[in-house]
Amino acid sequence: MRQRYYIGDIGDYDGQEVTLEGWLAGRRSSGKILFLQVRDGTGFIQCVVGRGDVDDEIFEELSALPMESSLRVTGCVAADSRAPGGFEVSIVGAEVVSAAALEYPITRKEHGVPFLMDHRHLWIRSSRQFAILRIRTTAIRAAKNYFDSRGYVQLDTPILTPTACEGTTTLFETNYFEESAYLSQSGQLYNEATAMAFGKVYCLGPAFRAEKSKTRRHLIEFWQIEPEVAFADLDDIMDIQEELVAEMVATVLSERGPELAILERDIDALERVKAPFPRITYSEAVELLNKAGHSFEWGGDFGAEDETVLSREFDRPAMVTRYPRAVKPFYMENDPDDDRVTLSVDMLAPEGYGEIVGGGQRMMDATELEARMREDGVPIDDYQWYLDTRRYGAVPHGGFGLGIERVVTWICGIPHIRESIPFPRMLNRMRP
Ligand code: 4AD
Ligand code: MG
């Protein structure tokens, strides 16, 4: 294979001549010198070229080259403390691969969000989006690595399903030949079956919610990583959540420092994300809300506002347990000490971000589970396979779903979830 050089590894080539292949992201000129900002998907670097360093013809071409044209530049790498990123390239040769045909629509001036969202396919080239989406990929890898290194089996679950998992109000319906099918809201029910076969499992995939919520934390299509563990109770599930989230944050801190710097993220806030995380019950959370002057009646579900208030009470993620049965799906196990509540747990991210993880211990008893499903109007015939997980060797078990974009939004410290996924699907947006 030919030798390739990437901006992300530029420190390895200090003092050497390299050829970089990328796009023109910015340009300044001071008389006879051009400062080109080049990006290649692994980073951004300043390349300097003086008139006379290269053929006049290419110098003129570079002076007028439209933004986001593609090019190859060859030059010597030198450490420079003034350069963003710490290195600079002194160009001795350059070649334009494809000059942009038109003026690039995204300029240095402020653009409105609708304009940027319409140009999402180009917006993802900019440094802020580069930082967010690189952090996303690291966070996903850290989560997968957490499970892979602990003996979990990755068994991905179907997207096209005949039934609901998280209630029928947010289902996307589609056709499966002659039948109706629904886009998966969660892999959980299938995870429960694979956990009975493989002990510790997880799935990673998209989830769909036809939710008419237009908030800064809702997507219509989002990604979830969902573990499920046999012979596990609520405390075990909380330990896993805590360790997983702490490890995701630690990995981003150690590997994505430059990206966090681009986002001007408060690093101290992320460094506090270490076990143990506070654990409180739903009832305690209700008290906390009322004490904070945010009146809330026991029994209701926390809305985004309530979670924001709660999550400001803590300096790291907090786990809220034992929600009332009425606000949680049919599969939640009862709390043996208080029949009003369930063995459920949500993790709320600090700094006002709110819920990032939802899960708990699953109802084990087949008869009671079936009764709950009937109460909830769940079509029992379609769920016989699910009830079999209880009929043949039921065990205490549990799991959770971690919303990738919710976690990325919080780790990046950005105000809206729309930037945490390459092409967001939102209430009023399915394009590009
Ligand atoms: O709390 P949820 O609805 O739980 C479940 O789906 C369970 N069946 C998961 C399980 O136990 N295996 O969703 C889990 C997480 C939430 O905590 C949140 O992080 C994310 O998925 N999430 C969303 N993210 C973006 N947009 C939405 N509309 C989301 N809905 C849930
Ligand atoms: Mg939830």
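Residues numbered from 1 in each chain as written. Chains lettered and ligands numbered in written order. Predicted model: local features only at pLDDT ≥ 70, side-chain atom pairs only at ≥ 80, totals over all residues. Heavy atoms only, no water.

*Asks:* When you look at the sheet that holds strand β2 (residues 33-39) in this model, what are you seeing that I'm missing?
*Replies:* Each strand in a sheet pairs with its neighbour through backbone hydrogen bonds, running either in the same direction (parallel) or in the opposite one (antiparallel). Read once around its circumference, the closed barrel built from 5 strands follows the order β1-β2-β3-β5-β4, with strand pairing classed as mixed. Each adjacent strand pair in this sheet contributes to an overall mean axis angle of 55 degrees, direction not counted. (Pairing = 2+ DSSP bridges. Helix = DSSP H or I, 4+ residues; strand = E, 2+ residues; numbered from the N terminus. Axes fitted to C-alpha atoms, helices over the stretch in contact; angles between N-to-C directions.)

*Asks:* Would you mind going over the site of ligand 1 with me for this structure?
*Replies:* Ligand 1 sits among 24 residues. The nearest are Glu166, Gln188, Glu226, Glu355 and Ile356. In this structure, Gly358 approaches ligand 1 through a main-chain N or O atom, which is 3.3 Å from an oxygen atom. Gly403 is positioned with one of its backbone polar atoms (N or O) 3.2 Å from an oxygen atom of ligand 1. Out of a free accessible area of 620 Å², ligand 1 has 94% covered by protein chains. By residue number, the principal contributor to the shell around ligand 1 is strand β17 (residues 354-361), which donates 5 residues. The residue makeup of the shell around ligand 1, split by class, is 7 nonpolar, 9 polar and 8 charged. (Near = heavy atom within 4 Å. Polar contact = N/O pair within 3.5 Å; in protein donor to acceptor, adjacent residues only side chain to side chain. Areas by Shrake-Rupley, 256 points an atom, 1.4 Å probe, with all protein chains shown as cover. Nonpolar A, V, L, I, M, F, W, Y, C, P; charged D, E, K, R; others polar.)

*Asks:* What is the right way to read the state of the cysteines from this model?
*Replies:* Disulfides are covalent bonds that connect the sulfur atoms of two cysteines. For the coordinates displayed, the defined rule picks out 0 disulfides. Free of any disulfide, Cys76 has its nearest cysteine sulfur in Cys47, 12 Å distant. (Disulfide = S-S within 2.5 Å.)

*Asks:* Please explain a negative patch on the surface as it appears in this structure.
*Replies:* A cluster of acidic residues, Asp55, Asp56, Glu57 and Glu61, forms a negative patch on the protein surface. If you trace the backbone, Asp56 turns up in helix α1 (residues 56-64). (Patch = residues over 30% accessible without salt bridge, like charges linked within 9 Å, V, L, I, M, F, W, Y side chains within 5 Å. Salt bridge = Lys/Arg side-chain N within 4 Å of Asp/Glu carboxyl O. Lys, Arg positive; Asp, Glu negative; His and termini not counted. Charge placed at Lys NZ, Arg CZ, Asp CG, Glu CD.)

*Asks:* Where do I start with the domain arrangement of the protein chain in this structure?
*Replies:* One widely used convention gives an interface's size as the accessible area the parts lose upon coming together. Once the domains are mapped, the protein chain shows domain 1 (7-98) and domain 2 (121-420). Taking the mean C-alpha position of each, domain 1 and domain 2 sit 44 Å from one another. Contact residues are listed per partner, giving 7 residues for domain 1 and 5 residues for domain 2. Of all residues in domain 1, the largest losses of buried area upon contact with domain 2 belong to Arg39, Thr42 and Phe44, amounting jointly to 65% of the total for that side. Linking domain 1 to domain 2 there are 1 salt bridge. Here Glu68 ties to Arg125 by a salt bridge, and the two come within 3.0 Å at their closest N and O atoms. Its residues placed into classes, the side of domain 1 that touches domain 2 shows 2 nonpolar, 3 polar and 2 charged. (Domains from an automatic or database assignment. Contact = heavy atoms within 4.5 Å. Buried area = accessible area lost by both parts, 1.4 Å probe.)

*Asks:* It is not clear to me how the packing of aromatic side chains should be interpreted in this structure. Could you clarify?
*Replies:* Centre-to-centre distance and the angle between the planes together describe a pair of aromatic rings. Per the counting criterion, the structure on display carries 17 aromatic pairs. With a centroid separation of 4.8 Å and an interplanar angle of 65 degrees, the aromatic rings of Phe147 and Tyr152 are classed as edge-to-face. Its relative accessible area of 0% is what places Phe147 among the buried residues. Note on Tyr152: relative accessible area 9%, which makes it buried. Between Tyr190 and Trp385 the ring centres are 4.6 Å apart and the planes differ by 15 degrees, which places this aromatic pair in the stacked class. Of this pair, Tyr190 sits in helix α5 (residues 188-198) while Trp385 sits in helix α12 (residues 384-391), and the two are 195 residues apart along the sequence. Through a chain of ring-to-ring contacts, three or more aromatic side chains come together here, namely Tyr190, Phe330, Tyr331, Tyr383, Trp385 and Tyr386. Sitting over the face of the ring of Phe35, Arg28 holds its NZ or CZ atom 4.3 Å from the ring centroid. (Phe/Tyr/Trp six-rings, centres within 6.5 Å; stacked < 30°, edge-to-face > 60°. Buried < 20%, exposed > 50% of the residue type's maximum accessible area, 1.4 Å probe, protein only. Lys NZ or Arg CZ within 6 Å of the ring centre and 35° of its normal.)

*Asks:* Please clarify how unusual backbone geometry should be interpreted in this entry.
*Replies:* Negative phi characterises most residues that are not glycine, and trans characterises most peptide bonds. Look at the link from Ala275 to Pro276: it is a cis peptide, with omega at 0 degrees. Relative to the elements of secondary structure, Pro276 occurs in the loop between α8 (267-271) and β12 (279-281). Phi is positive for Phe177, which is not a glycine, with a value near 55 degrees. Summarising the element assignment, Phe177 is placed in the loop between β8 (173-176) and β9 (179-183).

*Asks:* Can you help me understand α5 in this one?
*Replies:* Where α5 is concerned, the buried positions are Gln188, Leu189, Asn191, Glu192, Thr194 and Ala195. Residues of α5 that are buried in the fold lie against β10 (200-208), β11 (221-230), α12 and β18 (397-403).

*Asks:* Could you clarify how one ought to interpret the pattern of salt bridges in this entry?
*Replies:* What the rule picks out here adds up to 31 salt bridges. A salt bridge links Asp346 to Lys328, with the shortest nitrogen-to-oxygen separation between them at 3.1 Å. Here Asp346 is found in strand β16 (residues 344-349), whereas its partner Lys328 is found in the loop between β13 (318-321) and β14 (334-335), with 18 residues between them in sequence. Classification of Asp346 by relative accessible area gives buried; the value is 2%. What you see here is one network of salt bridges that share partners, running through Arg2, Arg4, Glu21, Arg72 and Glu95.

*Asks:* Would you mind going over the layout of surface pockets with me for this structure?
*Replies:* If a probe the size of a water molecule is rolled over the atoms, the empty space left behind becomes visible. Of the volumes computed, that of the largest pocket is approximately 1,600 Å³. Together, 50 residues line the largest pocket, and Gln37, Phe44, Ser126, Ser127 and Arg128 are the ones closest to its centre. Secondary structure elements with two or more residues in the lining of the largest pocket: β1 (17-30), β2, β3 (44-50), α2 (113-118), α3 (120-123), α4 (127-148) and α7 (257-262). Here the element with the most residues in the lining of the largest pocket is α4; it accounts for 5 residues. Looking at the lining of the largest pocket residue by residue, the classes come out as 21 nonpolar, 13 polar and 16 charged. Residues lining the lining of the largest pocket come from more than one domain, with at least three contributed by each of domain 1 (7-98) and domain 2 (121-420). (1 Å grid on protein atoms, 1.4 Å probe; cavity = no way out; pocket = protein on both sides within 12 Å on 5 of 7 lines; lining within 4 Å. Points joined across faces, edges and corners; volume = space filled by probe spheres on them.)

*Asks:* Can you walk me through helix α11 (residues 366-375) in this structure?
*Replies:* A turn of α-helix holds 3.6 residues, and therefore any two residues three or four places apart point the same way. Listing the buried residues of α11 in full gives Ala366, Leu369, Arg372 and Met373. In a view along the axis of α11, the buried residues occupy a sector of 125 degrees, so they form one face of it. Exposed and oriented more than 90 degrees from the buried face of α11 are Thr367, Arg374 and Glu375. Where α11 is buried, its residues meet β14 and α12. Taking the backbone nitrogen of Thr367 as reference, a side-chain oxygen 3.2 Å away marks Asp365 as the first, capping residue of α11. Once α11 ends, the next one or two residues include Gly377, with phi positive near 70 degrees. (Arc of directions from axis to C-beta.)

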